[in-house]
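# A look at the structure
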Amino acid sequence: MKVSKQFILKSIFTLLFCLSLGLTSKLVAQADPQQVTKETFKGKIALDVRDSKEDWAPYSPKKAPAGSPNILFILYDDTGLAAWSPYGGAINMPTMQRLADNGITYSQWHTTALCSPTRSTLLTGRNHHLNGMAAITEAAAGFPGGSGRLPKQVATIGQILQDNGWSTFWIGKDHNVPEQDVASGGDRSTWPLQMGFDRFYGFLGGETNQWYPDLVEDNHFVEPPKTPEEGYHLSQDLADHALEFLKDQKATNPSKPWYMWYCPGANHAPHQAPEEYIAKYKGKFDEGYDAYRKWALPRMIAKGVIPKGTTYANFNPLPPGVANPGDEVLDWNKLSADEKKLFSRLAEVYAGFSEYTDAQVGRIIDYLEQTGQLENTVVIYARR
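## Quick look at the overall build of the chain
Secondary structure assignment for the chain yields eight helices and seven strands. Across the 384 residues in the chain, those meeting the buried criterion constitute 43%. Across the chain, every contact between residues at least 6 apart in sequence was considered, and the portion connecting residues at least 24 apart equals 71%. In the form shown here, the chain has an accessible surface area of approximately 20,100 Å², with 56% of it arising from carbon and sulfur atoms. Charged side chains of the chain number 38 positive and 43 negative; the gap between the two group centres comes to 8 Å.

And the structure:
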């Protein structure tokens, strides 16, 4: 599969055009029966229905333009560019590499450094302070821009595309629901189905156990379909439900394009992955984090991800008295043998978690290719 740059750019412009429709989305919604007048109704109403003529135009949902692309937006958590193989890192990401080889690799990507703010900006196209997301929802405060609640005047991309003829799906992490509403009895006004998404399967908070997750399907809490002893892991479960949603949609409305906001638990804590994926990285980080960045930097420069002449920043750039000494990165060579063993193991689990999740994303890409949808799907694979 080879996708031209022209196709990708055209598809992105189509997506941006759809976003611009948000200002007028209310004008294209189905007509209120009380607002239909004899000037706008093109049918005929006679005393006898046999002499009358229907006009469905005011009541038919808006359709997406013919040939409109599907959109799959994959957003990883807590990952730097130096982690992944397509950017020069040590974590093998074959699905991402496959997409990069057939598309465009971007090196300029800016986040707001925290989960809730970044996710709110990607969903709405607005500054996180305008979204009430100055911090994560668990740190909400009673100040302008920091309430942890998306205001009513905000439109999500789900609402805009839904109003204009797309099916919309949300898989995985949310973290834009106020903390007190992450409950069966909570206010559901900011849950995904009320924010423009037809279906949702995932978790509402900032993190969850990958073996025993706190799961929500659509508007209610559910239990995982099986146990870890039976092979359960959340990354696989999310891909299973993504495929279920897409297959259901294509079986019943194949001409309709779709948007999927796919947010796995990786690479946010807790870092949990099948042992066989962790084992792939055994010993690969034993030389420590300083050695890793010295290995990764020239590889990133060679790939054009960062410019020539880029130098290392200090591990602890803040001056004394500003930062908490307990937060400082320690000199690897001064760590004990047990500390080195621990930190190396943490890196191995992190890497295994990332690659395993990429393999699950690969199942979705394989399905799209096998069903002939990939050529007309904009795939954005990003990290926060």
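Still more to cover.
## Quick word on the pattern of salt bridges
One pass over the structure, following the stated rule, counts 16 salt bridges. D78 is the salt-bridge partner of R384, the closest N and O atoms lying 2.1 Å from each other. You can see R384 sitting in the segment after β7 (377-383) and its partner D78 sitting in the loop between β1 (70-76) and α2 (94-101), a full 306 residues away along the chain. For D78, a relative accessible area of 33% puts it in the partly exposed group. The salt bridge involving D240 is made with R363; its shortest N-O contact spans 2.6 Å. Taken as a pair, D240 in helix α5 (residues 234-252) and R363 in helix α8 (residues 337-370) lie far apart in primary sequence, 123 residues in all. A single network of salt bridges, built from pairs that share partners, joins D77, D78, R119, K173 and R384.

## A look at the nonpolar core
Counting residues in each nonpolar core, the largest one holds 47 residues, and the members touching the most others are L72, M260, Y262 and I364. Sorting the residues of this core by element identifies β1, α2, β2 (167-173), β3 (199-203), α5, β6 (258-263), α7 (289-302) and α8 as the ones contributing at least two each. The biggest single contributor to this core is α8, with nine residues. Ignoring sequence-local partners within four residues, the contact set of Y262 consists of L72, F73, I74, L75, I171, S235, L238, A239, A242, V361 and I364. If you look at the next biggest cluster of nonpolar residues, it comprises 20 residues, including I71, F73, W170 and A382.

## Some remarks on the packing of aromatic side chains
Counted under the stated rule, the structure contains 16 aromatic pairs. Measuring from centroid to centroid gives 5.1 Å for F73 and W261, while their planes differ by 80 degrees, and the two rings are edge-to-face. A residue pair is termed long-range when its members are at least 10 positions apart, and F73 in strand β1 and W261 in strand β6 qualify at 188 residues. Like F73, the residue W261 is buried in the burial classification. With a centroid separation of 5.1 Å and an interplanar angle of 80 degrees, the aromatic rings of Y289 and W332 are classed as edge-to-face. Taken together, the residues Y289 in helix α7 and W332 in the loop between α7 and α8 connect sequence positions 43 residues apart. Classification of W332 by relative accessible area gives buried; the value is 7%. An aromatic cluster is present here, built from F73, W170, F197, F200, Y259 and W261 joined pairwise through their rings. Cation over ring: R188 sits above W191, and NZ or CZ is 4.4 Å from the ring centre. In this structure, R293 packs its charged tip against the face of F315, placed 3.9 Å from the ring centre.

## A closer look at the packing of α2 against α8
At a closest axis distance of 8 Å, the pairing of α2 and α8 adopts a crossing angle of 45 degrees. Taken together, the axes of α2 and α8 lie oblique to each other. Side by side, α2 and α8 meet where P94, T95, M96, R98 and L99 of the first sit next to D358, V361, G362, I365, D366 and E369 of the second.

## Regarding the side chain of T357
Structurally, T357 can be placed in helix α8. Excluding anything up to four places from it in sequence, T357 contacts Y76, S235, P264 and A266.

## Overview of the sheet that holds strand β4 (residues 215-217)
One open sheet holds the seven strands; their spatial order is β5-β4-β3-β2-β6-β1-β7, and the pairing between them is mixed. Looking along the sheet, the strands with just one partner apiece sit at the ends: β5 (220-222) and β7. Across this sheet, the average inter-strand angle for adjacent strands is 15 degrees, counted without regard to direction. Two elements, β4 and β5, share three bridges in a ladder whose sense is antiparallel. Across the sheet, V216 pairs through a bridge with F221, a residue of β5. Seen against the sheet, helix α3 (residues 115-124) touches β1, β2 and β6 and runs at an angle of roughly 170 degrees to β6.

## Thoughts on unusual backbone geometry
The amide bond that connects A266 to the next residue, N267, takes the cis arrangement and shows omega of -5 degrees. Positionally, N267 belongs in the loop between β6 and α6 (275-279). Cis peptide bonds are those with omega within 30 degrees of zero, and the linkage from A269 to P270 qualifies with 0 degrees. Along the chain, P270 falls in the loop between β6 and α6. For D78, which is not a glycine, the phi torsion comes out positive at approximately 45 degrees. Phi angles above zero are rare outside glycine, and A113 is one such case at about 75 degrees. Inspection of the secondary structure assignment puts A113 in the loop between α2 and α3.

## Describing α8
Between its terminal C-alpha atoms α8 stretches 49 Å, which fits the 50 Å expected from 34 residues at 1.5 Å a residue. The first or second residue beyond α8 is G372, which carries a positive phi of 75 degrees.

Cut-offs applied
As a convention, each chain's residues are numbered from 1 in the sequence order in which they are written. Two thresholds apply to this predicted model, a pLDDT of at least 70 for residue-level local features and 80 or more for giving and counting side-chain atom pairs, whereas whole-chain, interface and lining totals are computed over all residues. Based on all heavy atoms of the structure, the side-chain values leave hydrogens and waters out of the count. Where helices and strands are cited, they refer to DSSP runs of H or I of at least four residues and of E of at least two residues respectively, numbered from the N terminus. Working definition: with a 1.4 Å probe on protein chains only, accessible area under 20% of the residue-type maximum means buried, over 50% means exposed, and in between means partly exposed. In this analysis, two residues are considered to be in contact whenever any of their non-hydrogen atoms come within 4.5 Å of each other. For every accessible area listed, the method is Shrake-Rupley and the probe measures 1.4 Å; residues are considered covered only by the protein chains on display. Counting rule applied: Lys, Arg positive; Asp, Glu negative; His and chain ends not counted. We put the charge of a Lys on NZ, of an Arg on CZ, of an Asp on CG and of a Glu on CD. Note on definitions: salt bridges are taken to be side-chain nitrogens of Lys or Arg within 4 Å of carboxyl oxygens of Asp or Glu. In plain words, nonpolar cores are sets of buried Ala, Val, Leu, Ile, Met, Phe, Trp, Tyr and Cys residues tied together by side-chain atoms within 4.5 Å. Each pair of aromatic rings taken from Phe, Tyr and Trp, with Trp reduced to its six-membered ring, is defined by centres within 6.5 Å and is described as stacked if the planes are under 30 degrees apart, edge-to-face if over 60, and tilted in the remaining cases. For a ring to carry a charge above it, either NZ of a lysine or CZ of an arginine must fall within 6 Å of the ring centroid while also lying within 35 degrees of the normal to the ring plane. Axis lines are fitted through C-alpha atoms, for helices just across the contact stretch, and the angle between N-to-C directions can take any value from 0 to 180 degrees. Roughly parallel here means an angle under 35 degrees, roughly antiparallel means over 145, roughly perpendicular means 65 to 115, and every remaining angle is called oblique. Pairs of strands are assigned from DSSP output, requiring at least two bridges between the strands. The span expected for a helix works out to 1.5 Å for each residue beyond the first.

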